[in-house]
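# What the coordinates show
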Amino acid sequence: MARVITVTLNPALDLAFDLEELTLGTVNRPRNAQLEAAGKGVNVARVLASLGHHVVVSGFLGCDNDGPFQRAFTQLGVTDAFVRVPGETRINAKLAEKSGRVTDINGPGIGVDATQVAALLNSIKQQLNNEPADAILVAGSLPPGLSLTSFATLLTELKATGVPLWVDTSGEALLCAIEAAPEAVKPNELELANWAGEALDNHAKRVSATRRLYQAGIGQALLSAGADGVIWVNAKGTWQSTPPRVQTANTVGAGDTFVAGMLHGVLSQQSDEETLRFATALSAESVRHVGVGNALADDFAVLLQHTQVQRLYASRTEGTSQ
Ligand code: ATP
Ligand code: MG
Ligand code: MG
């Protein structure tokens, strides 16, 4: 089993409300309300831990409300290496209506300064001194106070540890991450459009943009496009996957589940085809319910069977003139 360090720079406590219908300007009474430790790296840690990997969770947490996180980490059996900063971790409200519509109200996040960023880097290096890791994943948005320059420096330092660095972020932070040329990035089609300079609204554009991403120095260039599936370009070639059709209940966490599935396959030395099939099927499983994907679902073998995986080109140079 692999050892993975996940870094969530801007985690959140998710406060999910289950409503019949949201009515603005009045008191709404949810059918159910739930508070959960969240954040992209934390979600990935949930999936990796459920698959038997050893996970160290890191990033920044507010000292004043870290109880739900501590409880979740204990329950998951992951190592808590989060740097504590004064104040409270943000709360993100998720208002889910019976119709399937979801309204998110996301807090800005807790501010961090240069000293705290240095403490984070030291703590990750300490973890690596204790025991080597097979991958470091940095996932999610940046907290207030963390400049793009500091983020770029952090990525460069993490990359310099020699541990394969995976990054899943969006906006300016994604552009910054691509510049740092980590081992892997996994934008969705909207997130990569800015970098690509065009809307990635069809298959050909997605393949072309993902190949350019690989050529920009990303060893594992991964582009996900929801139900339209994934394009993956690496040194061995270009792959495409299409998830099975599933009843969609909640797509939050699909991308995180996909990233975890890819890490699982790659770090377990599975073939590229097996890896992509597993990650795609697992992420499709996740959209059937709230939360991350579950490989122990009764019909997971059926989902795997109905996931289409196709090799488009055998190597990155083949077919480039098309
Ligand atoms: P997140 O919001 O978690 O960051 P994302 O936008 O980064 O997600 P998506 O491309 O939406 O990522 O989803 C990741 C993967 O989840 C897809 O590649 C696909 O395999 C699966 N998936 C997402 N939506 C659906 C769907 N409606 N039906 C089947 N599979 C889906
Ligand atoms: Mg999406
Ligand atoms: Mg995503």
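Residue numbering note: each chain is counted from 1, following its sequence as written. Both sets of labels track the order of writing: A upward for chains, 1 upward for ligands. Only residues with pLDDT of at least 70 get local features here, since the model is predicted, and only at 80 or more are side-chain atom pairs given and counted; chain-wide, interface and lining totals rely on the full set of residues. Only hydrogens and water are set aside when side-chain values are computed; all heavy atoms of the structure are taken into account.

In any sheet, the strands associate via hydrogen bonds between backbone groups, in a parallel or an antiparallel arrangement. Strands sit in the order 3-2-7-8 across an open sheet of 4 strands; the sheet is mixed. Of all the strands in the sheet, the pair left with one neighbour each is strand 3 (32-38) and strand 8 (102-105). If you compare each strand with its neighbour and ignore which way they point, the axes differ by 20 degrees on average. The pairing criterion is simple: DSSP has to find at least two bridges between the two strands. To qualify as a helix, a DSSP run of H or I must reach at least 4 residues; to qualify as a strand, a run of E must reach at least 2; elements of each kind are numbered from the N terminus. Alignment of strand 2 (residues 12-19) against strand 7 (residues 91-97), held across 7 bridges, turns out to be parallel. In the strand pairing of strand 7, L19 is matched with E97. Contacts are assigned to residue pairs that have any heavy atoms within 4.5 Å of one another. Between N-to-C directions, angles cover 0 to 180 degrees, with each direction set by a line fitted to C-alpha atoms, over the stretch in contact for helices. Where helix 2 (residues 67-76) meets the sheet, its contacts fall on strand 2 and strand 3, and the angle it forms with strand 3 comes to roughly 75 degrees.

Turning next to the environment of L61. Tracing the backbone shows L61 in strand 4 (residues 54-62). Sequence spacing of L61 and E285 is 224 residues, and the spatial spacing of their C-alpha atoms is 29 Å. Those residues in contact with L61 that sit more than four places away from it in its chain are P11, D66, F69, F73, F82, V83, R84, V85 and T89.

Quick look at the side chain of S283 now. Relative to the elements of secondary structure, S283 occurs in helix 9 (residues 272-286). For S283, a relative accessible area of 13% gives the class buried. Burial classes: relative accessible area under 20% of the type maximum marks a residue as buried, over 50% as exposed, and values in between as partly exposed (1.4 Å probe, protein chains only).

Attention now moves to the domain arrangement of the protein chain. Taken domain by domain, the protein chain consists of domain 1 (1-166) and domain 2 (183-322). Computed from C-alpha coordinates alone, the two centres of domain 1 and domain 2 are separated by 22 Å. On the domain 2 side, the residues contacting the 17 residues of domain 1 number 18 residues. Summed over both partners, the interface of domain 1 with domain 2 comes to about 1,600 Å²; 78% of that surface belongs to carbon and sulfur atoms. Throughout, the edges of the domains are those of an automatic or database domain assignment. Buried area is a sum: the accessible area each of two parts loses on coming together, probed at 1.4 Å, counted once for each and added.

Next up on the list: the site of ligand 1. Close to ligand 1 lie 20 residues, the nearest being K40, N188, S224, G226 and G255. In the model, an oxygen atom of ligand 1 is placed 2.8 Å from a nitrogen or oxygen of the K40 side chain. A distance of 3.3 Å separates an oxygen atom of ligand 1 from a polar atom in the backbone of A254. A 1.4 Å probe and the Shrake-Rupley method give the accessible areas. Residues count as covered only by the protein chains that appear here. Burial of ligand 1 by the protein amounts to 86% of the accessible area it has alone, namely 630 Å². Contributions of two or more residues to the shell around ligand 1 are made by helix 8 (254-267) and helix 9. Of the residues that constitute the shell around ligand 1, the class distribution is 9 nonpolar, 8 polar and 3 charged. If a single non-hydrogen atom of a residue is within 4 Å of a molecule or strand, that residue counts as near it. Identification of polar contacts relies on pairs of N or O atoms within 3.5 Å, with a donor-acceptor requirement for protein atoms, meaning one able to donate a hydrogen and the other able to accept it, and with residues adjacent in sequence counted only if both atoms are side-chain atoms. Classes in brief: Ala, Val, Leu, Ile, Met, Phe, Trp, Tyr, Cys and Pro nonpolar; Asp, Glu, Lys and Arg charged; the others, Gly included, polar.

UniProt positions are given in the numbering used here, feature names are shortened, and annotations may be inferred rather than shown by experiment. Following the UniProt record, one finds the feature "domain: Carbohydrate kinase PfkB" (unreviewed entry) at residues 9-295. Between the first and last C-alpha atoms of residues 9-295 the distance is 27 Å; the span itself is 38% helix and 23% strand.

Here we take up the packing of helix 3 (residues 114-130) against helix 4 (residues 148-160). Viewed as axis vectors pointing N to C, helix 3 and helix 4 meet at an angle of 15 degrees, and their least axial separation amounts to 11 Å. Viewed along their axes, helix 3 and helix 4 adopt a mutual orientation that is roughly parallel. Note on packing geometry: the crossing formed by helix 3 with helix 4 is right-handed. Mapping the contact onto sequence places V117, L120, L121, I124 and K125 in helix 3 and L154, E157 and L158 in helix 4. Here the contact of helix 3 with helix 4 is built from residues that sort into 6 nonpolar, no polar and 2 charged. In these notes the angle categories are as follows: under 35 degrees is roughly parallel, over 145 is roughly antiparallel, 65 to 115 is roughly perpendicular, and the rest is oblique. Handedness of each helix crossing follows the sense of rotation of the near helix against the far helix: counterclockwise by less than a right angle gives left-handed, clockwise gives right-handed.

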